[in-house]
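Structural description and commentary
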Amino acid sequence: LETARRQVLEEGRGLTQDQLVEVLRLPDDALPAALQLAHEVRLRHCGEDVEVEGIVSIKTGGCPEDCHFCSQSGLFDSPVRGVWLDIPELVKAAKETAATGATEFCIVAAVRGPDIKLMNQIKFAIDRINEEVEINIACSLGMLTQRQVDQLAEWGVHRYNHNLETARSYFPEVVTTHSYEERLETCAMVKAAGMELCCGALIGMGETLEQRAELAAQLAALEPHEVPLNFLNPRPGTPLENQGIMDGKDALRSIAAFRLAMPRTVLRYACGRELTL
């Protein structure tokens, strides 16, 4: 932790993958000091502001991919069924989001990637939302082509979400219908187009501590604007339905490690936090 204090807090350099493994292996009695250091790093390199974002699904369920944690996959026997949200409902949700003080409204869809129909709906939704309320619009629509990236940037999409989910070495254990490299390609195109990149992690899926550190280092190398840090909430009907909920202290160690890996990145503590923590 003293090395981390000098390297991260004072010099602003994130920890390496090997150093992150050491943080993830800290004993329980060192956890308060690790979290205190992570907090100081956040204040110095990110500031004390908290940004609130609303997320609404325009298409829920029926996804053709087999992400083993996700109840929206159409390949699993989960209780989630395909539902489309109409544009007036989406505009209403954007207004309600802005009324809470949120500055970002993210439109998500459970798809491998958007087809022409979905892209047209997104364009119409963006135009309608911009007419009704002042809020940044983000999207999460799966893997994109270069043309789709260019269109979203042209339409004024502020930020695009596309998660790595897990470490490259563990990815084939979690997803088999697309590759880690395909996800990286979308992330690279989004950044090159000038949109902010939101790229997150889902931990507690059975990965090792070394793979958790690998993921944090891979995200740090990608330099996203923000990283949602999710903790597995095992969903009925998915291949990971019997995976135990991550230990709370391990989750806190992970929070410290991800902050010390990415001192200047916005971290969002997202899915599963109400169970794990």
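These numbers were taken from a predicted model, which means no experiment stands behind them. (Residues numbered from 1 in each chain as written. Predicted model: local features only at pLDDT ≥ 70, side-chain atom pairs only at ≥ 80, totals over all residues. Heavy atoms only, no water.)

**Points about the overall build of the chain**
Heads up, the rule is: Numbering of helices and strands starts at the N terminus; helices are DSSP runs of H or I of at least 4 residues and strands are runs of E of at least 2. Computation of the radius of gyration draws on C-alpha atoms alone. For the globule rule, the value is 2.2 Å times the number of residues to the power 0.38. Burial classification: accessible surface area is computed with a 1.4 Å probe over protein chains only, and a residue below 20% of its type maximum counts as buried, one above 50% as exposed, and the rest as partly exposed. Contacts: residue pairs with any heavy atoms within 4.5 Å of one another. Residue-level accessible areas treat just the shown protein chains as cover; the underlying method is Shrake-Rupley with a 1.4 Å probe. Counting rule for charge: Lys and Arg are taken as positive, Asp and Glu as negative, and neither His nor the chain ends is counted. Working definition for charges: the position is that of NZ of Lys, CZ of Arg, CG of Asp or CD of Glu.
Looking only at helices and strands, the chain has 11 helices and 9 strands in total. For a compact globule of 277 residues, the expected C-alpha radius of gyration is about 19 Å, and the chain comes in at 19 Å, within 12% of that figure. Along the three orthogonal principal directions, the C-alpha set of the chain runs to about 55 × 40 × 35 Å. Split into buried and exposed, the 277 residues of the chain put 52% on the buried side. Long-range pairs, those at least 24 residues apart, make up 76% of the contacts in the chain between residues at least 6 apart in sequence. If you sum the accessible surface of the chain, you get close to 12,700 Å²; carbon and sulfur atoms cover 50% of it. Averaging the coordinates of the 27 positive side-chain charges in the chain and doing the same for the 41 negative ones gives two points 1 Å apart.

**Some words on the nonpolar core**
How we decide: Nonpolar core, defined: a set of buried Ala, Val, Leu, Ile, Met, Phe, Trp, Tyr and Cys residues in which side-chain atoms within 4.5 Å join the residues together.
With 81 residues, the main nonpolar core has F105, I107, I122, I129, L152, L219 and F258 as its most contacted residues. Among the elements that take part in this core, helix α10 (residues 248-261) stands out by supplying 7 residues, more than any other. Those residues in contact with L219 that lie beyond four places of it in its chain are L164, C199, G200, A201, P224, V227, F258 and M262.

**Some points on unusual backbone geometry**
With a phi angle near 75°, E165 is a residue other than glycine that sits in the positive phi range. As for its position among the elements, E165 is in the loop between β5 (159-161) and α7 (171-174). What makes E165 buried here is its relative accessible area of 9%. Here E223, not a glycine, exhibits a phi torsion of approximately 55°, which is positive. Secondary-structure assignment places E223 in the loop between α9 (209-222) and β8 (226-231).

**Some details on the pattern of salt bridges**
Heads up, the condition is: Any Lys or Arg side-chain nitrogen located within 4 Å of an Asp or Glu carboxyl oxygen qualifies as a salt bridge.
All told, the structure shown has 22 salt bridges when counted by the stated rule. The closest approach of N and O atoms between K249 and D28, which form a salt bridge, is 3.4 Å. Of this pair, K249 sits in helix α10 while D28 sits in the loop between α2 (17-24) and α3 (31-45); the two residues are 221 residues apart in sequence, bridging distant segments of the chain. The class of K249 is partly exposed, set by a relative accessible area of 40%. A salt bridge links E53 to R268; the shortest N-O distance between them is 3.2 Å. With a gap of 215 residues between them, E53 in strand β1 (residues 53-60) and R268 in strand β9 (residues 266-269) connect regions that are remote in the sequence. Here the two residues E53 and R268 agree in accessibility, since each one is buried. Connected through salt bridges with shared partners, the residues E51, E53, E104, R159, E196, E226 and R268 form a single ionic network.

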